[in-house]
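The chain contents come next:
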Amino acid sequence: MGAVTATAQPGSRPDLLGVAAQRRRTGIWLVALTVALVLTGVAAVGSGAIGIPPATVARIIGHHLVGLPGEVTWTAPQEAIVWQVRLPRVLLGMLVGAGLAACGVALQAMVRNVLADPYLLGINSGASSGAAAAILFGAGAGFGQYALSSSAFLGALGASLLVFLIARSGGRVTSIRLLLSGVAVGYALYATTSFLIFASGSAEGARSVMFWLLGSLGLARWNALLLVAAVVLGGMIGYLTVGQLGPSGVRVVAAASRGPG
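What counts as what
Residues numbered from 1 in each chain as written. Predicted model: local features only at pLDDT ≥ 70, side-chain atom pairs only at ≥ 80, totals over all residues. Heavy atoms only, no water. Helix = DSSP H or I, 4+ residues; strand = E, 2+ residues; numbered from the N terminus. Buried < 20%, exposed > 50% of the residue type's maximum accessible area, 1.4 Å probe, protein only. Contact = heavy atoms within 4.5 Å. Areas by Shrake-Rupley, 256 points an atom, 1.4 Å probe, with all protein chains shown as cover. Salt bridge = Lys/Arg side-chain N within 4 Å of Asp/Glu carboxyl O. Axes fitted to C-alpha atoms, helices over the stretch in contact; angles between N-to-C directions. Parallel < 35°, antiparallel > 145°, perpendicular 65-115°, else oblique. Left-handed = near helix turned anticlockwise from the far one by under 90°.

Trainee: Any chance you could explain the overall build of the protein chain here in plain terms?
Mentor: Of regular secondary structure, the protein chain possesses 9 helices and 0 strands. Listed N to C, the secondary structure of the protein chain is α-α-α-α-α-α-α-α-α in terms of helices and strands. In the protein chain, which comprises 261 residues, the share counted as buried stands at 29%. Long-range pairs, those at least 24 residues apart, make up 64% of the contacts in the protein chain with a sequence separation of at least 6. As displayed, the protein chain has an accessible area near 16900 Å², and 70% of this comes from carbon and sulfur atoms.

As structure tokens, then:
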């Protein structure tokens, strides 16, 4: 049998590990997914009780964003629906999805387990308990209009610390310990949320909690959109800078979580 040799262009090294091919595939996927995101966004903005053709949606968005010249063929109600109501909601949904994806990547890199996510680690259940306490019993009223979001954040933070302490109780923190601790804490906090709903005795409060748990983009506005974009982008940049999203950054986090011994 003859030896397999790698062919390469003169003056270039052979791509024995397939790194260049992987980069090309990644680039193609990024371009394809970006195009699909834009197309689905335009289709989502045009969908609803009052249907608006995608071409009209694209012209309205282009007119507002870059001032594209051309004849105004749309009506004032169509422009208000697209620019003031639907587009902020669609963009907020995209930003929320990007933030959740970034959180998932960060958790998987820190825990070093592809199964790690906010649900398995109990973070989602902690946020639900905090939000239920704020809605039903007025917890976090000192935060004013941010009482609900602050209570949910504090609940998620408390759940994260509890999971870490339970996983560390045996000495060394491992990914399996974190996942098992997260499942246990998540179920406990889910039961806590159900108990808070039952203890309140308020049908309206229970409906409000369920509505919050399901989520809504109905209050999306341009000013809130900019704030969410700043938070998501700031979190991504901060993690890439501090955590480095690579083997060295993972080792630093893992070493810090294991502690001595």
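On we go from here.
Trainee: What is the right way to look at the pattern of salt bridges in this model?
Mentor: For side chains of opposite charge, pairing can occur when their charged atoms come near one another. Tallied over the full model, the rule gives 1 salt bridge. Where Glu-204 meets Arg-207, a salt bridge forms, and the shortest distance between an N and an O atom there is 3.1 Å. Linking Glu-204 with Arg-207, this pair stays in helix H7 (residues 203-214), spanning 3 residues, or about one helical turn. With a relative accessible area of 48%, Glu-204 lands in the partly exposed category.

Trainee: How should the environment of Pro-54 be read in this particular structure?
Mentor: Among the secondary structure elements, Pro-54 is positioned in helix H2 (residues 54-65). Classification of Pro-54 by relative accessible area gives exposed; the value is 52%. A C-alpha to C-alpha distance of 6.0 Å links Pro-54 and Ala-43, two positions 11 residues apart in sequence.

Trainee: Got a minute to help me understand the environment of Val-82 in this structure?
Mentor: In this structure, Val-82 sits in helix H3 (residues 76-111). A relative accessible area of 0% means that Val-82 is categorised as buried. The spacing of Val-82 and Ile-60 is 22 residues in sequence and 7.5 Å in space, taken between C-alpha atoms. The contacts of Val-82, once residues within four sequence positions are left out, are Val-45, Ile-52, Val-57, Ile-60, Ile-61, Leu-87 and Pro-88.

Trainee: Help me understand the packing of helix H4 (residues 123-137) against helix H6 (residues 175-200) in this model?
Mentor: To describe two helices that pack against each other, one gives the angle between their axes and the distance between the axes. Viewed as axis vectors pointing N to C, H4 and H6 meet at an angle of 15°, and their least axial separation amounts to 8 Å. When the axis of H4 is compared with that of H6, the two are roughly parallel. Handedness of the crossing formed by H4 with H6: left-handed. Contact residues: H4 offers Ser-125, Gly-126, Ser-128, Ser-129, Ala-132, Ala-133, Leu-136 and Phe-137, while H6 offers Gly-186, Leu-189, Tyr-190, Thr-192, Thr-193, Leu-196, Ile-197, Ala-199 and Ser-200.

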